[in-house]
Every structure is written in structure tokens, then in C-alpha cells.
Amino acid sequence: MANVLVTGGAGFIGSHTCVELIAAGHDIIVVDNFSNSKREALLRIEEISGKKLKFVEADILDQYALKMIFDKYRIDAVIHFAGLKAVGESVHMPVEYYHNNITGTLMLIKAMRAHNCKKIVFSSSATVYGVDNPVPYVETMPTHTSTNPYGYTKVMIEQILRDVAVSDPEWSIVLLRYFNPIGAHKSGLLGEDPNGIPNNLFPYIQQVAIGKRDYLGVFGNDYDTHDGTGVRDYIHVMDLARGHLCALDYALSNTGVEAVNLGTGKGSSVLDVLHAFEKACGRKIPYKIMPRRAGDIARCYANTDKAKELFGWQARYGIEEMCADGWNFIQKNPNGL
Ligand code: NAD
Ligand code: UD1
């Protein structure tokens with residue numbers, strides 16, 4: 001069992017991963033600045049796991065705060081979720097995105113290096129595959145372009161971490177490329193709680209279902225897909241959380257750098273998700289077809305062979321469970337956490 005620092009552990013994916021880490025017996029320390037999350041998430045983690053959580057409210061840009069954390073706890077490995085993630089916002093605030101995500105990661109690596117902690121699991125994204133690669137995406141494909149600053153932070157951080165691994169062979173680095181994480185913890189205590197109007201499909205559908213918004217705008221129905229709407233690889237957040245446990249185990253006993261897709265390998269369209277959610281909540285979800293959203297692609301899904309081979313990991317849940325758990329969460333938390 002390891003002492004694991006979880007940056008961004010109060011966020012959507014981080015909070016679910018904390019629950020799995022504690023259940024597996026790891027000792028975790030969470031650092032978060034709550035720029036996109038709430039303290040309540042930490043209480044919910046404690047409620048689910050029945051354990052007191054070690055937590056430091058700090059910004060990973062704060063070198064002194066990081067030093068204090070590494071001095072105080074004997075950290076074996078870091079799972080690094082902390083980052084800003086809204087694609088549209090990143091176009092308007094590129095400097096803030098590059099600073100928070102890239103400088104934040106550099107500060108973290110420096111603190112790790114100074115304390116001889118050389119194992120990190122990083123939250124990358126399928127966005128690194130850009131717009132030119134054919135689906136399904138395989139880890140060996142080129143990943144040097146993006147359509148927005150958020151995506152470029154992931155491309156650049158992957159490169160930085162690869163260079164770190166070259167400079168010092170003692171490092172162990174796993175770049176997890178998430179596809180579209182949705183759903184919630186079975187208890188309904190944790191789930192996705194975006195600020196303001198949701199940018200992403202699933203939280204938007206949840207808010208229409210609960211009556212907070214009138215209808216879903218479907219961004220385009222003229223794509224080259226089975227029903228004309230965009231196809232994505234939706235993955236249950238608890239499957240994703242379990243993937244982090246596998247990546248951590250791998251990092252604890254290997255060195256070098258590996259990029260690994262975490263997806264189901266199956267694509268679902270916007271209307272597939274909408275209809276699955278209607279089934280889960282037992283009500284109609286009104287929608288209107290709108291123009292395409294700038295930067296969107298027709299299809300995005302993973303080749304999942306590498307995760308299976310390297311970690312023995314495979315997604316267990318389908319779109320039905322993702323919708324059932326998402327519905328449970330929004331019913332219990334209509335106004336978020
Ligand atoms: P989230 O916003 O819910 O969680 C990120 C957490 O990091 C938040 O709690 C936020 O307060 C914290 N944070 C941000 N900057 C910080 C800083 N400088 N110092 C300390 N804490 C900071 O997002 P999420 O959906 O849980 O995503 C987690 C990670 O996974 C992010 O790096 C994101 O880019 C990546 N990712 C997410 C998705 C997705 O669809 N949710 C897809 C691909 C990759
Ligand atoms: C988006 C980001 C991606 C990021 C991920 C997680 C873009 C182009 N991509 O992925 O980089 O890693 O979020 O933050 O922004 N849709 C609607 N109506 C809506 C919302 C979405 O029809 O109100 C459609 C989209 O056109 C798309 C699908 O639903 O076809 C999924 O969209 P979304 O949930 O935003 O995820 P991605 O665009 O795949």
C-alpha cells in the first residue's frame with residue numbers, strides 16, 4: 001500500500017478515484033484549491049469510505065505549499081488531476097490555462113524531484129489525438145496538434161513528462177488518456193457538479209431531466225454517423241477511477257513512460273445517450289437540433305487493447321448504468337453538491 005498525493009482530488013474524477021484508492025487500502029493526501037470544486041466533495045468521500053481524509057487546501061502553483069506537503073508526508077506516488085478543463089474558456093483565457101496547467105505541473109514535478117518521489121499518473125485526454133487521426137484511436141498515433149489551448153496543455157504536458165522520463169530513468173510516468181467520463185458513484189453522494197451552464201452533454205441532459213433547463217440543444221445532426229449526431233466513447237467514472245488504481249500499481253512497480261487510453265471502445269451518439277437517459281429517468285427529454293459546435297469532430301472512440309494488456313483493465317459498465325447512476329445523483333443533488 002502506498003502514500004499517494006492526489007492533486008485536484010475534490011473534483012469530479014478525483015473524488016471518485018479517492019473513494020477507490022481508500023477502498024484499496026492506500027493512504028491518500030488530497031490537495032485542491034477549490035477553483036472548480038467544493039469542500040463538500042471531501043465530506044462525501046469521508047461519508048462513503050468511513051475514513052477521515054488528509055487534506056491540504058492549496059494551489060499547486062504555490063511552491064512553498066508543495067514543499068510543506070512533501071516534507072510532512074512520505075509520498076510514494078502522485079495522481080495529478082489538478083487542472084482547468086473547459087475548452088471554450090481556454091480559448092478566451094489561454095494565459096490562465098497555460099499557467100495553471102503547465103506551470104502547475106512543472107511546480108509539482110520540481111517538488112517531487114526534490115523529495116525523490118518519481119512516480120506520477122497524469123490526467124491526459126483523448127483530445128491529444130486532434131482532428132487528423134482516424135478512429136479508433138491507438139496510443140501510437142501522432143499527438144502534436146490540438147484545436148484549443150486546453151488541448152495544447154495536455155499535448156505539452158505529455159511531452160514534458162516524456163522528456164523528464166528521458167532525463168532520469170528512475171521516473172515512472174503513466175499518461176492516462178480519458179475518453180468521455182460520465183455517471184456517478186452508486187450512492188448518489190458523488191457526481192459531476194459543474195459551475196454555471198454545463199458545456200458538456202451529460203450534465204446538460206441531467207439538468208433538462210430534473211427540470212432546470214427546458215431542452216437539450218443537439219449540436220448538429222449531419223455528421224457521418226449512424227444517426228447524424230456526434231459519437232463519443234462514454235466511460236463510467238467508476239470504471240475510470242478503477243483504471244487509476246491499475247495505473248498506480250503499474251507505476252509503483254515499473255519505470256519509464258506509458259500513454260494509455262481509458263475508454264470502453266464503444267461509440268454512442270448524442271441521441272443514443274439522450275434515449276438511454278430517458279429510459280433511466282422514465283421521462284421524455286426535449287431536444288432541438290442546433291448548428292454544429294465549432295471544433296467538434298464526428299467520432300471519437302478508443303482502441304482499448306493497451307489498457308487490457310498492460311493493466312488487465314477493462315470497462316465494466318455500459319451506457320445504461322452510466323445514465324441510471326447519473327439520474328440517481330441529480331435527483332439526490334438537484335442543486336449540486
Ligand atoms: P474538475 O474540474 O472537476 O477537477 C479538477 C480539480 O482540480 C478541481 O477540484 C479544481 O479545483 C482543482 N484545481 C485546478 N487547478 C488547481 C490548482 N492550480 N491547484 C490546486 N487545485 C487545482 O475536473 P475533472 O473532470 O475531475 O478532471 C480532472 C482532470 O482530468 C483534469 O486535468 C482534466 O483536464 C482531465 N480530463 C477530464 C475530462 C472530463 O471529461 N472530465 C476528460 C479528459 C481529461
Ligand atoms: C469535450 C472537449 C474535450 C474535453 C471533454 C471533457 C470539445 C471540442 N471537446 O469533449 O476536449 O476533454 O469535453 O471536458 O469541447 N453536445 C450536444 N449538446 C450539448 C453538449 C454537447 O449536442 O449541449 C454534443 C457534442 O457536440 C458532442 C457530444 O455531445 O458530439 C459530447 O460533447 P461533450 O460532452 O462536450 O464532450 P466532447 O466534445 O467530446
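Check the entry above for the structure.
What comes next concerns the included structure. Predicted model only: the values in this text are computed from it and were never measured.

What to know about the side chain of S15
Here is step 1 of the chain: Here S15 lies in helix α1 (residues 12-23).
Here is step 2 of the chain: S15 sits in the buried class, given a relative accessible area of 2%.
Here is step 3 of the chain: Once you skip the residues sitting within four places of it in the chain, S15 turns out to touch G9, A10, I45 and L190.

A look at the nonpolar core
Here is step 1 of the chain: The biggest cluster of nonpolar side chains holds 39 residues, and the ones touching the most others in it are V6, I28, I45, V174, L176 and F311.
Here is step 2 of the chain: If you tally residues by element for this core, the top one is helix α8 (residues 237-253), at 8 residues.
Here is step 3 of the chain: Excluding residues that lie within four positions of it along the chain, V6 makes contacts with C18, L21, I28, I29, V30, V31, I79 and F81.
Here is step 4 of the chain: Within the second largest apolar cluster, 29 residues are counted, among which are A65, F70, I173 and L175.

Section: the sheet that holds strand β9 (residues 231-232)
Here is step 1 of the chain: Taken in spatial order, the 3 strands of this open sheet run β12-β9-β14, and their pairing is mixed. Every other strand in the sheet has two partners, leaving β12 (268-269) and β14 (299-300) as the edge strands with one partner each.
Here is step 2 of the chain: When β9 meets β12, the two strands line up antiparallel, connected through 2 bridges. Residue pairing in the sheet places V231 in a bridge with S269 of β12.

Section: the packing of helix α7 (residues 201-209) against helix α9 (residues 270-281)
Here is step 1 of the chain: Two elements in contact, α7 and α9, have axes separated by 11 Å at closest approach and are oriented at 40°. Relative to α9, α7 is oriented oblique. The chirality of how α7 crosses α9 is right-handed. Of the residues in α9, those touching α7 at L201, F202, I205, Q206 and A209 are V270, V273, L274, F277 and C281.
Here is step 2 of the chain: For the contact of α7 with α9, a count of residues per class yields 9 nonpolar, 1 polar and no charged.

With respect to the site of ligand 2
Here is step 1 of the chain: Taken together, 20 residues lie around ligand 2, and L201, G217, R232, R293 and D296 are the ones closest in.
Here is step 2 of the chain: Separating an oxygen atom of ligand 2 from a backbone N or O atom of F219 is a distance of 2.9 Å.
Here is step 3 of the chain: Separating an oxygen atom of ligand 2 from a side-chain N or O atom of D296 is a distance of 2.6 Å.
Here is step 4 of the chain: Surface burial for ligand 2 is 87%, taken as the share of its 740 Å² of free accessible area covered by protein chains.

Quick look at the site of ligand 1
Here is step 1 of the chain: In the vicinity of ligand 1 there are 26 residues, among which I13, D32, N36, S37 and K85 approach most closely.
Here is step 2 of the chain: The contact in question runs from an oxygen atom of ligand 1 to an N or O atom on the side chain of K85, over 2.8 Å.
Here is step 3 of the chain: Burial of ligand 1 by the protein chains amounts to 94% of its free accessible area of 820 Å².
Here is step 4 of the chain: Going through the elements one at a time, α1, β5 (119-125) and α6 (149-167) are the ones with two or more residues in the shell around ligand 1.
Here is step 5 of the chain: Tallying contributions element by element places β5 first for the shell around ligand 1, with 3 residues.
Here is step 6 of the chain: Its residues assigned to classes, the shell around ligand 1 comprises 11 nonpolar, 11 polar and 4 charged.

Reading guide: rules and limits
Residues numbered from 1 in each chain as written. Chains lettered and ligands numbered in written order. Predicted model: local features only at pLDDT ≥ 70, side-chain atom pairs only at ≥ 80, totals over all residues. Heavy atoms only, no water. Helix = DSSP H or I, 4+ residues; strand = E, 2+ residues; numbered from the N terminus. Buried < 20%, exposed > 50% of the residue type's maximum accessible area, 1.4 Å probe, protein only. Contact = heavy atoms within 4.5 Å. Core = buried A, V, L, I, M, F, W, Y, C linked by side-chain atoms within 4.5 Å. Pairing = 2+ DSSP bridges. Axes fitted to C-alpha atoms, helices over the stretch in contact; angles between N-to-C directions. Parallel < 35°, antiparallel > 145°, perpendicular 65-115°, else oblique. Left-handed = near helix turned anticlockwise from the far one by under 90°. Nonpolar A, V, L, I, M, F, W, Y, C, P; charged D, E, K, R; others polar. Near = heavy atom within 4 Å. Polar contact = N/O pair within 3.5 Å; in protein donor to acceptor, adjacent residues only side chain to side chain. Areas by Shrake-Rupley, 256 points an atom, 1.4 Å probe, with all protein chains shown as cover.

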